[in-house]
Amino acid sequence: MNLAYIPSPSTGVIELGPIPLRGYAFCIIIGVFVAVWFGNKRWIARGGKAGTVADIAVWAVPFGLVGGRLYHVITDYQLYFSDGENWVDAFKIWQGGLGIWGAIALGAVGAWIGCRRRGIPLPAWADALAPGIAFAQAIGRWGNWFNQELYGRQTDVPWALKISEGSNRVAGTYHPTFLYESLWCVGVALLVIWADRRFKLGHGRAFALYVAAYCAGRGWIEYMRVDEAHHVLGLRLNVWTAIVVFVLAVVYIVVSAKVRPGREEIVEPAAVALSKDTEDGGNGEDGDAEAGSDGSGTRTAAGDAAAKEPEDDAGVAPQTAEKS
């Protein structure tokens, strides 16, 4: 008998009157918020404007959700289109089933559209968002805990996950692969943050590092899972996907470092232009000459007189505001 284990929630839904609050959806929403919030901080640190990450996320997130669901439905079509199954369930995203591979691929299309509209490079935006996406995945994996899904082989380790009897599952204690992946994603985020600070990654290489590091962990975690999946040459389809994407990410890092070394100096031209306009306005420059000087920039007597501060009743010149 296993005396220590991680309990599973009795239900993944909390009924708030007529509104059902689903744990899976709640985790996804929190993850998206964290990714945008943290990505915005990194984007500003790179010289971008506040709010740009959120504006582009308006395009990337819906595309990503559609892509993630499409990948899941296509690779697990038997769950929705086999005899006795209801194809309408393919649209019930709140019941779980988002493939990260499809989410990143189609989400990148949405991000490209948003970046193009703002006139900024997609690789720089992706670099800023990379660790935030990993944090979002770490949070999102807890949605699988609410749904009692995506667990590993049976085990009696103290951190085993207790699964209750239900549709397509047998009661017992199993490896909590959702927890393993959640912790791995936190490690991936910290790795990308460290490497970006240490090596000044640019031109999409921080994002590629996130992809490679995630795939390395997803490969062995996927191998532990016992839920139904298609196999190719003895390996689960997602394991092969992780291997292929890992290789592509590493190749991109190597080739990109040779073709485009260093990091982008300007990530958002509009932010640079706004900063320059603000600086020029703060200096009081009008494009010709300083106030109180002639066309050559030499101060005149009239200018000197005009520049003198009028004295108040106490005979003290009022202070002017300091330049910011």
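Keep in mind that this is a model prediction, so the values were computed, not measured.

A.B. asks: Residues and numbers for the packing of aromatic side chains, please.
C.D. replies: Under the criterion given, the structure shown has 12 aromatic pairs. When the ring of Trp-37 is compared with that of Phe-38, the centres are 6.2 Å apart and the planes differ by 45°; the resulting orientation is tilted. When the ring of Trp-194 is compared with that of Phe-199, the centres are 5.7 Å apart and the planes differ by 90°; the resulting orientation is edge-to-face. Through successive ring pairs, a cluster of aromatic residues spans Trp-142, Trp-145, Phe-146 and Phe-178.

A.B. asks: I'd like a description of the packing of helix H1 (residues 23-45) against helix H5 (residues 122-140), backed by residues and values.
C.D. replies: Across the interface, H1 lies against H5 with an axial gap of 7 Å and an inter-helix angle of 150°. Looking at the two axes, H1 sits roughly antiparallel to H5. Between H1 and H5 the crossing geometry is right-handed. Residues Cys-27, Ile-28, Ile-30, Gly-31, Val-32, Val-34, Ala-35, Phe-38, Gly-39, Arg-42 and Trp-43 of H1 form the contact with H5, whose participating residues are Ala-124, Trp-125, Asp-127, Ala-128, Leu-129, Pro-131, Gly-132, Ile-133, Phe-135, Ala-136, Ile-139 and Gly-140.

A.B. asks: With reference to specific residues and values, describe a nonpolar patch on the surface.
C.D. replies: Taken together, the side chains of Ile-243, Phe-246, Val-247, Val-250, Val-251, Val-254, Val-255 and Val-259 define a hydrophobic patch exposed on the protein surface, amounting to about 620 Å² of accessible area. Tracing the chain through its elements places Val-255 in helix H9 (residues 237-259).

A.B. asks: Tell me about the environment of Glu-165, and name the residues and values.
C.D. replies: Inspection of the secondary structure assignment puts Glu-165 in the loop between strand S3 (161-163) and strand S4 (172-174). Judged by its relative accessible area of 55%, Glu-165 falls in the exposed class. With near-sequence residues (within four places) excluded, Glu-165 lies in contact with Val-170 and Ala-171. Only 3.2 Å separates the side chain of Glu-165 from the backbone nitrogen of Ala-171, close enough to count as a polar contact.

Cut-offs applied
Residues numbered from 1 in each chain as written. Predicted model: local features only at pLDDT ≥ 70, side-chain atom pairs only at ≥ 80, totals over all residues. Heavy atoms only, no water. Phe/Tyr/Trp six-rings, centres within 6.5 Å; stacked < 30°, edge-to-face > 60°. Axes fitted to C-alpha atoms, helices over the stretch in contact; angles between N-to-C directions. Helix = DSSP H or I, 4+ residues; strand = E, 2+ residues; numbered from the N terminus. Parallel < 35°, antiparallel > 145°, perpendicular 65-115°, else oblique. Left-handed = near helix turned anticlockwise from the far one by under 90°. Contact = heavy atoms within 4.5 Å. Patch = residues over 30% accessible without salt bridge, like charges linked within 9 Å, V, L, I, M, F, W, Y side chains within 5 Å. Areas by Shrake-Rupley, 256 points an atom, 1.4 Å probe, with all protein chains shown as cover. Salt bridge = Lys/Arg side-chain N within 4 Å of Asp/Glu carboxyl O. Buried < 20%, exposed > 50% of the residue type's maximum accessible area, 1.4 Å probe, protein only. Polar contact = N/O pair within 3.5 Å; in protein donor to acceptor, adjacent residues only side chain to side chain.

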